[in-house]
Amino acid sequence: MTSGKFITFEGIDGAGKSTHLEFVAGLLREKGRQVVVTREPGGTPLGERLREILLREKMHLETEALLMFASRREHIAQVIEPALQRGDWVISDRFTDATFAYQGGGRKLAREKLEALEQWVHPHLQPDLTLLFDVPLDVARARLDATRELDKFEQEKADFFAATREEYLRRAKEHPARFRVIDSTRAIGDIQAELAQIVSAL
Ligand SMILES: Nc1ncnc2c1ncn2[C@@H]1O[C@H](COP(=O)(O)OP(=O)(O)O)[C@@H](O)[C@H]1O
Ligand SMILES: Cc1cn([C@H]2C[C@H](O)[C@@H](COP(=O)(O)OP(=O)(O)O)O2)c(=O)[nH]c1=O
């Protein structure tokens, strides 16, 4: 049995992550891999209920961080670890880097608190590859405005997303072996050509 890998997709809202999830899953399936596509917050029945609350209700920033990690704990136990143990590949639309970027960067929750939660919830699990879809705020905002009704996070102001993006880029620099920063201002076809190269090198 080949061993599976854990790939996460990250970026500020509107960067284009969701556009490329199924493309990457398809590339892996073409190579004969079993692929589980999932997301955070969510990915389990309980996690999806937490997602509904997290994306709609205002709450204390620590409550928000704790619920993100509660959803993640369930997701790891029910979906991610069993899939990796079977040898499947897991692609998750967001994981812990999102909590550092949104609750840490955006909401300014102390990084040490998030590191403590990360150590508690998944001391031994890290993605093998994190694709960070990066775009300037105005590009992300224009894409969002063109397409959908905005949830609680998407309604945040420019300085929130500036801090979120900055924290993502800081983490990418801190973990260069795990992160690939994708310039997501380019045409979808150009981005997919780069993704195909990255996936074939895995
Ligand atoms: N490279 C791109 N060029 C132009 N439009 C894009 C590009 N990538 C995504 N979009 C569009 O931007 C919108 C937001 O993309 P989406 O993948 O849903 O973002 P995210 O999941 O990162 O919030 C969608 O309407 C999508 O079609
Ligand atoms: C996983 C995670 C997501 N989020 C936020 C980022 C997004 O705004 C929102 C949901 O993510 P996402 O699934 O990307 O939203 P959409 O389906 O609208 O593209 O949750 C956090 O604030 N912290 C986290 O730890």
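Computed from a predicted structure; not experimentally measured.

1. Looking at helix α7 (residues 158–174)
Between its terminal C-alpha atoms α7 stretches 24 Å, which fits the 24 Å expected from 17 residues at 1.5 Å a residue. Among the residues making up α7, those that are buried are F160, F161, A163, T164, E167, Y168, R171 and A172. Elements in contact with the buried residues of α7: β1 (6–10), α4 (96–106), α5 (111–121), β4 (129–134), α6 (137–147) and β5 (179–183).

2. Details of the pattern of salt bridges
For the coordinates displayed, the defined rule picks out 20 salt bridges. As a salt-bridge pair, E62 and K113 come within 2.8 Å of each other at their nearest N and O atoms. Of the two residues, E62 sits in helix α3 (residues 61–86) while K113 sits in helix α5, which places them 51 residues apart along the sequence. For the salt bridge of R186 with E194, the shortest nitrogen-to-oxygen distance reads 2.5 Å.

3. Describing the site of ligand 2
Close to ligand 2 lie 17 residues; D13, K17, R94, T99 and Q103 are nearest. Measuring from an oxygen atom of ligand 2, one finds a side-chain N or O atom of R51 at 3.0 Å. Protein coverage of the free-state accessible area of ligand 2, which is 550 Å², stands at 93%. When atom positions are compared with the pocket grids, ligand 2 is found to occupy the largest pocket. Taken together, the elements giving at least two residues each to the shell around ligand 2 come down to α2 (45–56), α3 and α4. At four residues, α4 tops the list of elements feeding residues into the shell around ligand 2. A per-class count over the shell around ligand 2 returns six nonpolar, two polar and nine charged.

Rules and cut-offs
- Residues numbered from 1 in each chain as written.
- Chains lettered and ligands numbered in written order.
- Predicted model: local features only at pLDDT ≥ 70, side-chain atom pairs only at ≥ 80, totals over all residues.
- Heavy atoms only, no water.
- Helix = DSSP H or I, 4+ residues; strand = E, 2+ residues; numbered from the N terminus.
- Expected span 1.5 Å × (residues − 1).
- Buried < 20%, exposed > 50% of the residue type's maximum accessible area, 1.4 Å probe, protein only.
- Contact = heavy atoms within 4.5 Å.
- Salt bridge = Lys/Arg side-chain N within 4 Å of Asp/Glu carboxyl O.
- Near = heavy atom within 4 Å.
- Polar contact = N/O pair within 3.5 Å; in protein donor to acceptor, adjacent residues only side chain to side chain.
- Areas by Shrake-Rupley, 256 points an atom, 1.4 Å probe, with all protein chains shown as cover.
- 1 Å grid on protein atoms, 1.4 Å probe; cavity = no way out; pocket = protein on both sides within 12 Å on 5 of 7 lines; lining within 4 Å.
- Sits in = over half its atoms within 2 Å of the grid points.
- Nonpolar A, V, L, I, M, F, W, Y, C, P; charged D, E, K, R; others polar.

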